[in-house]
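Single-letter residue listing:
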Amino acid sequence: MITPILILLFPLLAGVYIWLFGNHMANVHVAKVGVTGAWASAFLAVWNLYHISSHGTVHFDLWTLDYEGASLFKAGMLVDRLTAVMMMLITSVSVVINTYSVRYLEGDPGYTRFFGLLSFLTFVILALVSSPNLLMLFIFWQLLGLALYLLLNFNYSHPDACRNGFKSFFIHRIGDVGFLFGIFLAYKYFGTLEFSELFQAAADNARTVSLLPGNALEVNVITLIGLSIFVGAIAKSSQFPLHVWLPDTMDSPTPVSALMHAGIINAGGFLLNRLAPFYALSPSTLHFVFFIGVLTVLMGASMMLVQNDIKKTLGFSTVAQMGYMIMECGLGAFALAIFHLIAHGFFKASLFLGAGTGIHKSREEPKNPHSHDHDHAPKHENGESSSQLTWATGLGITLMMPLIILMVAHDILDIHLQDAHGAVIFLFFMWVTASQVMFSLYRLQAVDSWKVACTMIGALFFIGFVYLWAGEEFTHFLYPGPGEADGYFMAAAFPPLVFDIIILISTILILFGWFVVYTNAKGQKVFITDWLASIRKHMYIILINRFYIDRIYARWNNNILRLAQKVAHRF
Amino acid sequence: MENQNFLSISLALIPFFIGVAGVLAKISFSNLKTLSLGAISIVGVFLVIFVDINPPTNFLACAVLIAGFCVLISQDRSQQTSEFGSSSMITLGLTLGTLLGQGFVGRFFLCLFLGYAAFSIAQEMRRSFRKTLTLIHFLFAIVLSLSSAMGSDSVKLLSGFFLAVTFLPLVPFHLPFVGMVENAKGALSSLWMVVWLAIGLAELNLIYPSLATDSLFYVGFLALITAFYAAMAALGQKKANLFIAAATVAHVSVIWGLLNIFPNFPKWGIAFGVAVAFILGGINLAFSFVRMRYGWQSIGKLPGLATPMPRFGTVMVLLVGLALFLPMVPTFTGLSGMPTIETVDINFIKIFLIFLAVWLGGGWFFMQMLHQTAFGETRTDVPYSDLRLTEFTAVIILILGAGYSGILY
């Protein structure tokens with residue numbers, strides 16, 4: 001009981017100390033307080049993960065608000081394996097960012113404020129992931145939005161930073177309406193907001209409600225609540241159509257971007273995981289989650305392709321990655337989403353911090369960047385043509401993937417394919433990932449045949465191992481209940497036709513990708529090249545304008561403000 | 001009981017007489033401030049320890065005293081006139097009389113309060129159709145408050161309802177409230193806000209058990225219109241006082257909207273109402289300090305105050321932070337008493353829309369205001385000076401009061 005409290009307490013105390021005494025301390029001491037708090041918390045989080053893994057979930061109440069015999073609100077902590085894993089991720093990222101910021105923000109007038117806010121934010125995320133009920137989670141969800149806003153406005157005399165901070169905050173606010181409405185309905189229909197009680201009550205009392213008078217438009221209560229809460233996750237994890245805030249938050253200092261992309265953005269995925277038993281009761285909600293995730297992946301990844309600013313590229317990459325994570329949840333692969341979240345968190349934090357250092361160096365050295373931009377792929381230095389062996393290896397391995405997938409699914413994971421469409425689709429995404437690695441390797445270096453071929457085979461084994469480990473071990477680590485993880489996959493199963501279409505599209509896309517890469521590399525002209533080029537041009541314009549979604553929102557914004565001025569005049 | 005009633009009225013008369021004495025005897029502000037703060041403290045102690053009245057009324061009376069205390073303590077002895085102190089104490093006395101007085105005595109104090117408010121507006125407001133409408137509204141309210149003391153139950157209910165929508169303003173009954181907040185001088189505007197809402201909460205508490213479900217249904221629609229209208233008005237408003245008035249009206253609409261969703265109004269409604277009064281009153285008070293220094297009136301004309309005025313920046317961030325969470329207060333407290341029976345009706349959609357307007361509107365207009373005052377480029381032509389410790393303390397007390405009311409009460 002003491003360890004989880006201390007994990008939260010260290011960053012909080014560091015934040016409070018910096019806030020109270022920071023202005024009278026030297027910068028180096030301020031940083032020391034922040035870094036020490038983060039390190040202490042991280043060490044305890046490691047111990048906590050070990051302890052929870054071996055001794056089971058810890059759940060306790062610190063304070064209960066009683067009202068007429070009923071306790072609505074319990075302030076406490078729920079530390080299960082999911083929370084313990086998240087705590088370790090958060091504290092590790094916090095340590096990295098605190099340490100990085102010591103030098104990076106040197107000389108900045110907001111040095112003290114930054115470290116205070118960073119410690120506070122760490123505390124808020126830790127409290128969020130250890131909340132034992134929806135109401136407490138929502139309170140910290142709100143505080144997270146506010147703390148993020150203050151960090152994004154770190155440089156508050158910078159108009160763009162302020163504008164984008166406001167935009168982020170407001171979009172989160174839109175999501176929060178849905179979230180709060182979901183909480184409201186959950187209490188109304190199930191009489192509790194405590195997670196375990198809520199899941200039990202929802203499983204026992206499946207019911208429908210009519211949204212319109214006369215029993216018209218009947219919906220399942222669980223679906224209604226699940227969708228409402230999912231709106232909150234959409235906003236926080238930058239999913240379509242509320243994805244517009246994330247790519248515009250690059251005016252904040254690089255450590256803030258790193259923290260945001262590695263930690264805060266994961267809140268949506270965490271929320272879905274926390275409520276996994278609830279979502280598993282509503283397949284249609286999971287399908288909707290999957291749909292939103294896929295849409296976000298496609299939009300985020302395609303918009304990323306046309307960016308020419310390194311931080312914006314990373315921003316759109318995060319949008320796509322978060323879409324992928326949400327999609328995993330929609331497929332019932334909740335544990336894999338957490339695995340993805342952790343991997344992405346570390347990977348993106350390192351990319352951002354690396355980008356920050358690069359930008360810093362570029363500012364110091366007028367000759368940087370050198371002759372080529374980041375988006376130009378390395379050229380083949382001696383103009384050698386690609387080897388047949390490389391191609392054969394890549395193509396062969398990629399095409400073998402479906403076979404390997406089926407083998408893994410059937411013989412190792414023991415998944416009944418006809419019942420667990422989610423699992424199969426997820427395995428197909430493994431194929432997509434492996435193919436992508438092949439494409440990238442080929443594009444980077446396609447001449448040194450044996451090395452590349454070996455790398456490809458190595459990469460395949462690595463990906464296979466990671467997916468297998470994540471799919472099997474990590475899933476059962478996070479959801480150890482018998483049949484629990486399988487139940488989620490089952491709940492996410494699609495109607496057969498939809499399932500077949502998704503598989504077909506995935507297959508066609510991969511084969512088409514190989515075809516295009518191959519013909520381009522060989523310098524061969526394909527009969528649809530002109531047509532493709534014209535589409536590419538149009539797509540470029542659409543993508544560089546971000547599908548015009550930002551512009552539509554801006555127009556709404558201006559219209560509302562104009563109307564508001566008229567109303568204000570008469571008030 | 002008789003003794004309790006007498007004690008309550010005596011307590012209300014103390015600040016009232018101090019205010020009147022301030023006007024008649026031309027006491028300096030410095031002396032009046034000392035006297036008033038002492039009196040408020042004594043009345044507060046008596047109210048908590050010796051007066052046995054129902055808890056909501058007691059809570060509202062304490063809230064009013066705290067607001068008066070904060071407004072007075074924040075004023076600089078050398079810069080403020082005795083008129084300010086007198087006016088504050090008279091307002092406090094009349095409000096306490098209205099809240100604590102039973103039956104006819106309470107109504108009599110309410111008439112005096114309305115008369116005093118109307119007199120203030122008549123003096124300050126420029127001649128216009130709006131002023132005429134506002135004064136007619138005041139007249140009507142005075143007549144109804146008297147009739148509620150003497151009329152039948154239905155008259156009492158009707159007049160009580162009219163007074164409730166006047167003091168907890170719903171469109172189109174918001175003109176007196178907006179007029180008071182707009183025209184009151186300096187920090188007095190903040191005090192008027194708190195006392196106005198406190199009386200409104202007391203009135204609603206009085207008539208709430210008698211309100212029929214049907215009438216609440218229609219009131220809910222009025223609340224919905226008010227929520228959207230006031231939120232839009234706050235969004236488009238540039239004048240600081242009017243911005244606060246519109247934001248307050250928008251938040252008050254939540255109370256009316258939730259009336260037929262959550263039972264036990266005294267539990268959640270009064271806590272929320274007082275939290276709204278303290279937070280919005282706190283913003284008003286903080287703005288009055290800026291106005292006193294730089295003659296500032298329009299939001300956006302003096303940005304970047306957080307840099308030269310860090311104390312102001314801190315209180316604004318705290319106030320806006322709390323203001324953004326305000327709609328959660330009734331949800332939080334109301335949930336505890338909400339029956340978990342299965343009822344789906346249009347009320348749900350209605351309250352969702354009200355919530356949407358206030359939540360999103362609040363998120364937008366409070367943040368916009370914060371950006372246009374605390375953040376941004378600092379002007380070089382303004383001799384900035386940060387808030388004094390007493391000013392800072394006064395706002396912090398209001399923030400703590402709002403926190404207590406919204407979360408703990």
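Residues numbered from 1 in each chain as written. Chains lettered and ligands numbered in written order. Predicted model: local features only at pLDDT ≥ 70, side-chain atom pairs only at ≥ 80, totals over all residues.

## So, the overall build of chain A
Operational definition: In this description a helix means any DSSP run of H or I spanning at least four residues, a strand means any run of E spanning at least two, and both kinds are numbered starting from the N terminus. Three exposure classes are used, all based on how many other C-beta atoms lie within 10 Å of a residue's own C-beta (placed from the backbone): buried at 20 or more, exposed at 12 or fewer, and partly exposed between those limits. Distance between backbone-placed C-beta atoms decides contact: two residues are in contact if it is within 7 Å.
Broken down by element type, chain A carries 21 helices and four strands. Per-residue burial for chain A yields a buried fraction of 49% across its 571 residues. Counted over contacts in chain A with a minimum sequence separation of 6, partners at least 24 positions apart contribute 77%.

## Section: the overall build of chain B
Stated precisely, the cut-off is as follows: Radius of gyration means the value over C-alpha atoms here, while the globule rule gives 2.2 Å times the residue count to the 0.38 power.
A tally of helices and strands in chain B yields 16 helices and zero strands. A compact globule built from 409 residues would reach a C-alpha radius of gyration of about 22 Å, and chain B, at 20 Å, matches this within 12%. Here the C-alpha coordinates of chain B stretch approximately 60 × 50 × 45 Å along the principal axes. Sequence separation of at least 24 residues holds for 84% of the intrachain contacts in chain B that already meet a minimum separation of 6.

## Structural notes on the environment of Leu198(A)
Residues and elements named next belong to chain A. Checked against the element boundaries, Leu 198 lands in helix α7 (residues 195-204). Note on Leu 198: 21 C-beta atoms within 10 Å, which makes it buried. In the structure, Leu 198 is positioned 112 residues away from Ile 310 in sequence and 44 Å away in space, judged by C-alpha atoms. When neighbours within four sequence positions are excluded, Leu 198 is seen to be in contact with Ala 186, Phe 190, Thr 192, Leu 193 and Phe 278.

## A word on helix α8 (residues 175-183) of chain B
Of all nine residues in α8(B), eight are buried; the element is thus mostly enclosed. If you check which residues of α8(B) are buried, you get Leu175(B), Pro176(B), Phe177(B), Val178(B), Gly179(B), Met180(B), Val181(B) and Asn183(B).

## Some remarks on helix α6 (residues 159-190) of chain A
All names here are of chain A. Definition in use: Expected span of a helix: the number of residues minus one, times 1.5 Å.
When the terminal C-alpha atoms of α6 are compared, their 46 Å separation across 32 residues agrees well with the 46 Å that a helix rising 1.5 Å per residue should span. Burial runs high along α6: 27 of the 32 residues are buried. Looking one or two residues beyond α6, the residue adopting positive phi is Gly 191, at roughly 70 degrees.

## Quick look at the nonpolar core
Where we set the bar: By convention the nonpolar core is taken to be a set of buried residues drawn from Ala, Val, Leu, Ile, Met, Phe, Trp, Tyr and Cys and joined through C-beta atoms within 7 Å.
Core analysis: the largest hydrophobic core is formed by 312 residues, its most contacted members being Val64(B), Val194(B), Ala198(B), Ala246(B) and Ile279(B). A total of 18 residues in this core trace back to one element, the largest contributor, which is helix α12 (residues 265-294) of chain B. Excluding residues that lie within four positions of it along the chain, Ala246(B) makes contacts with Phe571(A), Ala230(B), Ala233(B), Ala234(B) and Gln237(B).

## Considerations on the packing of helix α4 (residues 82-100) of chain B against helix α9 (residues 188-207) of chain B
Residue and element names in this part refer to chain B. Definition in use: Working convention: axes come from line fits to C-alpha atoms, limited for helices to the stretch in contact. Angles between N-to-C directions cover 0 to 180 degrees. Relative orientations are named as follows: roughly parallel for angles under 35 degrees, roughly antiparallel for angles over 145 degrees, roughly perpendicular for angles from 65 to 115 degrees, and oblique for any other angle. Gly is placed with the polar residues, together with every amino acid not listed as nonpolar (Ala, Val, Leu, Ile, Met, Phe, Trp, Tyr, Cys and Pro) or charged (Asp, Glu, Lys and Arg).
Here α4 crosses α9 at 5 degrees, and the two axes come no closer than 10 Å. The orientation of α4 relative to α9 falls into the category roughly parallel. From α4, Phe 84, Ser 87, Ser 88, Thr 91, Thr 95, Thr 98 and Leu 99 reach across to α9, where they touch Leu 188, Leu 191, Trp 192, Val 195, Ala 198, Ile 199 and Ala 202. A per-class count over the contact of α4 with α9 returns nine nonpolar, five polar and no charged.

## Here we look at the packing of helix α13 (residues 310-325) of chain B against helix α16 (residues 389-408) of chain B
All names here are of chain B. Rules: Here a crossing is called left-handed whenever its near helix is offset anticlockwise from the far helix by less than a right angle, and right-handed whenever the offset is clockwise.
Interaxial distance between α13 and α16 falls to 11 Å at its minimum, and their mutual angle equals 15 degrees. One finds that α13 runs roughly parallel with respect to α16. Considering the relative orientation of α13 and α16, their crossing is left-handed. Of the residues in α16, those in contact with Arg 311, Val 315, Leu 318, Leu 319 and Leu 322 of α13 are Phe 392, Val 395, Ile 396, Ile 399 and Ala 402. For the contact of α13 with α16, the per-class residue count stands at nine nonpolar, no polar and one charged.

## Some words on unusual backbone geometry
Across the junction of Phe240(A) and Pro241(A), the peptide omega takes the value 5 degrees, indicating a cis bond. Locating Pro241(A) in the fold gives a position in the loop between α8 (221-236) and α9 (254-262). Geometrically, the link from Val171(B) to Pro172(B) is a cis peptide bond, its omega value of 10 degrees lying close to zero. Relative to the helices and strands, Pro172(B) is located in the loop between α7 (153-167) and α8. The backbone of Phe547(A) shows a phi angle near 60 degrees, a positive value even though the residue is not glycine. Tracing the backbone through its elements, the reader meets Phe547(A) in the loop between α20 (529-544) and α21 (549-570). We note that Tyr548(A) has phi near 65 degrees; this positive angle belongs to a residue other than glycine. Here Tyr548(A) shows up in the loop between α20 and α21.

## Details of the environment of Ala147(A)
All names here are of chain A. In this structure, Ala 147 sits in helix α5 (residues 134-152). A sequence separation of 23 residues divides Ala 147 from Val 124, and the C-alpha atoms of the two residues are 8.4 Å apart. If we ignore the near neighbours within four places in the chain, the residues touching Ala 147 are Leu 117, Phe 120, Leu 121 and Val 124.

## Notes on the confidence of the model for chain A
Rules: Per residue, pLDDT measures the predictor's confidence, with a range of 0 to 100.
The predicted model of chain A has a mean per-residue pLDDT of 80, with 76% of residues at 70 or higher. Long-range and interchain partners of residues 371-385 of chain A, a stretch whose pLDDT sits below 50, account for seven contacts in this model, where long-range means more than four residues apart.

## Side note on the environment of Phe288(A)
Residue and element names in this part refer to chain A. Assignment of secondary structure puts Phe 288 in helix α12 (residues 283-305). Overall, Phe 288 belongs to the partly exposed group, with 16 C-beta atoms counted inside 10 Å. As a C-alpha pair, Phe 288 and Thr 112 span 176 residues in sequence and 44 Å in three-dimensional space.

## Here's the deal with the confidence of the model for chain B
Mean pLDDT over chain B stands at 86; residues scoring 70 or higher make up 96%. Both scores are available for the predicted complex, with the pTM at 0.83 and the ipTM at 0.84.

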